[in-house]
Amino acid sequence: MILPPGTVVITGASAGLGRALAHRFARDGARLGLIARDRERLEATRLEVEALGGTAIVCPADVADAGALDRVADRIEQELGPIGIWVNNAMASVFSPVTAMQPDEYRRVTEVTYLGSVFGTLAALRYMEPRNQGVIIQVGSALAYRSIPLQSAYCGAKHALLGFTASLRCELIHQRSRIRVTMVQMPAMNTPQFEWVRNRMPRRAQPVPPIFQPEVCAEAVHYAAHHDVGREMLVGWPTVQAVWGNKLAPALLDRYLGRTGFGSQQAEEFATTGRPDNLWQPVPGGWGAHGRFDDRARRQSFQIWLRLRPAVAGAALAAIGLTAAWLLLR
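Because the structure is predicted, anything quoted here is derived from the model rather than measured.

Caption draft 1: Examining the overall build of the protein more closely. Across its full length, the protein carries eleven helices and eleven strands. Since a compact globule built from 330 residues should have a radius of gyration of about 20 Å, the 20 Å found for the protein is in line with a globular shape. Each principal axis of the C-alpha distribution contributes one length, and for the protein these read about 65 × 50 × 40 Å. Buried residues in the protein amount to 53% of all 330 residues. A sequence separation of at least 24 residues applies to 76% of the contacts in the protein between residues at least 6 apart. If you average the places of the 36 positive and of the 28 negative side-chain charges in the protein, the two averages end up 7 Å apart.

Structure, rendered in structure tokens:
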């Protein structure tokens, strides 16, 4: 187990996965720098962190603003101490066919989801490089490998983050750096983003089932921050299937998603006309870690249970191998 010293920084910490991450690290008694645009929800997260045994400061900032991230990194170092773990989690999306998208929407989603992670990485490296230690976690997605319809801006941004992270990793290896960078690829999650995302579909947006609770994914990020899991970590069988399916049969998946990808991202209820979205400004409200899919979301993942227990997984594989060999010999 690798225990990076210092403070934990989480972007997008006011709701969804970011809030679940704050809760998970708080249970370790961690010092947390919480970054998001909405101060009120950040304050609510801070109170929850302190109730769980952690310490936190609230740092309102838009991750698309590189200067703002540098300033909050300075403040976090000064008030909480050296940054040991930086989690780039903030994201934005638009549910829309490509032909209905506007150029400024592509720009904004890219600035938040891709450049926000790049700027966060640069802010973290500015402090980690002189100390030659630290961990950077990029919160990715199965969609970084396998794009789906209606989310072209988000899929493109996650693909870009995958490429940026691979390039950075090569440079760190060349420098023989002790800084670790890992991308954690997520499945569909039950978060509030589907209540505030910009949506041009006739029906309400939903994650593509199966859906996981954000705590499952927060546990995976926490593990990756404290253990050397390699270049990336896939969370949930649906993510494993999407990544490997795209490697083996991408054209087949194109056709499958062309038939099913529109319906699987829409709930039965019609969308509300004129509903505010969070693309440019945060949507007011007491949003927490969970969205409206608690009755459908999975609270466990057997794949992640095994992934977090490599000794058990190794023993299981060995048993399977021995059984197969015995059957062949018979």
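Caption draft 2: Just a nonpolar patch on the surface, in detail. A surface patch of nonpolar side chains, amounting to about 360 Å² of accessible area, comprises W237, F302 and W305. Relative to the elements of secondary structure, W237 occurs in helix α8 (residues 237-248).

Caption draft 3: View of the pairing of strand β4 (residues 83-88). Most of β4 is tucked away: six of the six residues are buried. Where strand β1 (residues 7-11) and β4 come together, four bridges link them in parallel fashion. Opposite V9, over in β4, you have W86 as the bridge partner. Here β4 pairs with strand β6 (residues 134-139) via four bridges, running parallel. Counterpart to I85 in the pairing with β6 is V135.

Caption draft 4: Focus on helix α3 (residues 66-80). Over its 15 residues, α3 runs 21 Å from end to end, which matches the ideal 21 Å to within 8%, given 1.5 Å per residue. Of all the positions in α3, only A68, L69, V72, A73, I76, E77 and L80 are classed as buried. Along its buried surface, α3 packs onto β1, β2 (31-36), β3 (55-60), β4 and α4 (103-131).

Caption draft 5: Summary view of the packing of aromatic side chains. In this structure the tally under the stated criterion is five aromatic pairs. Ring geometry for Y114 versus F164: centroids 6.5 Å apart, planes at 80 degrees, classification edge-to-face. With Y114 in helix α4 and F164 in helix α5 (residues 152-174), this pair connects stretches of sequence that are 50 residues apart. Geometry around F270 places R203 over its ring, the cationic atom sitting 4.1 Å from the centre.

Caption draft 6: Layout of the nonpolar core. Counting residues in each nonpolar core, the largest one holds 44 residues, and the members touching the most others are I35, I76, I83, W86 and M128. Listing elements by their share of this core, those giving two or more residues are β3, α3, β4, α4, α5, β7 (179-185) and α8. Broken down by element, this core gets its largest block of residues, ten residues, from α4. Not counting residues within four places of it along the chain, the set of residues in contact with W86 comprises V9, T11, I35, A73, G120, A123, A124, M128, V135, I136 and I137.

Caption draft 7: The arrangement of unusual backbone geometry in detail. With omega at 0 degrees, the peptide bond leading from P209 into P210 counts as cis. Turning to its location among the elements, P210 is positioned in the loop between β9 (203-205) and α7 (214-226). Even without being a glycine, N132 presents a positive backbone phi close to 55 degrees. What makes N132 partly exposed here is its relative accessible area of 27%. The backbone of R176 sits at a positive phi, close to 55 degrees, despite the residue not being glycine. The topology assignment puts R176 in the loop between α5 and β7. On the basis of relative accessible area, R176 is assigned to the exposed category, the value being 74%.

Caption draft 8: View of the pattern of salt bridges. The tally for this structure, following the rule as stated, stands at 17 salt bridges. For the salt bridge of R108 with D62, the shortest nitrogen-to-oxygen distance reads 3.0 Å. Linking R108 in helix α4 with D62 in the loop between β3 and α3, this pair joins segments that are 46 residues apart in sequence. With relative accessibility at 6%, the residue R108 sits in the buried group.

Caption draft 9: Representation of the state of the cysteines. Per the stated rule, a full pass over the model turns up zero disulfides. Between C155, a free cysteine, and C217, which holds the nearest cysteine sulfur, the sulfur-to-sulfur gap is 17 Å. Its relative accessible area of 0% is what places C217 among the buried residues.

Caption draft 10: Representation of the sheet that holds β7 within the structure. Read across the sheet, seven strands follow the order β3-β2-β1-β4-β6-β7-β10 without closing on themselves; strand pairing throughout is parallel. Every interior strand has two partners, whereas the edge strands, β3 and β10 (232-234), have only one. Pairs of neighbouring strands in the sheet enclose a mean axial angle of 15 degrees, with direction left out of account. Together, β1, β2, β3 and β4 form the strand contacts of α3, whose direction differs from that of β3 by roughly 160 degrees.

Caption draft 11: Region of the structure containing the environment of R146. Along the chain, the position of R146 falls in the loop between β6 and α5. Residue classification places R146 among the buried positions, given a relative accessible area of 10%. Here the alpha-carbon distance between R146 and A157, two residues eleven residues apart in the chain, equals 12 Å. Sequence-distant contacts of R146, defined by excluding residues within four places in its chain, comprise H159, A242, N246, P250, L253, D254 and L257. A polar atom in the side chain of R146 sits 2.7 Å from the side chain of D254.

Quick notes on the rules
- Residues numbered from 1 in each chain as written.
- Predicted model: local features only at pLDDT ≥ 70, side-chain atom pairs only at ≥ 80, totals over all residues.
- Heavy atoms only, no water.
- Helix = DSSP H or I, 4+ residues; strand = E, 2+ residues; numbered from the N terminus.
- Rg over C-alpha atoms; globule rule 2.2 N^0.38 Å.
- Buried < 20%, exposed > 50% of the residue type's maximum accessible area, 1.4 Å probe, protein only.
- Contact = heavy atoms within 4.5 Å.
- Lys, Arg positive; Asp, Glu negative; His and termini not counted.
- Charge placed at Lys NZ, Arg CZ, Asp CG, Glu CD.
- Patch = residues over 30% accessible without salt bridge, like charges linked within 9 Å, V, L, I, M, F, W, Y side chains within 5 Å.
- Areas by Shrake-Rupley, 256 points an atom, 1.4 Å probe, with all protein chains shown as cover.
- Salt bridge = Lys/Arg side-chain N within 4 Å of Asp/Glu carboxyl O.
- Pairing = 2+ DSSP bridges.
- Expected span 1.5 Å × (residues − 1).
- Phe/Tyr/Trp six-rings, centres within 6.5 Å; stacked < 30°, edge-to-face > 60°.
- Lys NZ or Arg CZ within 6 Å of the ring centre and 35° of its normal.
- Core = buried A, V, L, I, M, F, W, Y, C linked by side-chain atoms within 4.5 Å.
- Disulfide = S-S within 2.5 Å.
- Axes fitted to C-alpha atoms, helices over the stretch in contact; angles between N-to-C directions.
- Polar contact = N/O pair within 3.5 Å; in protein donor to acceptor, adjacent residues only side chain to side chain.

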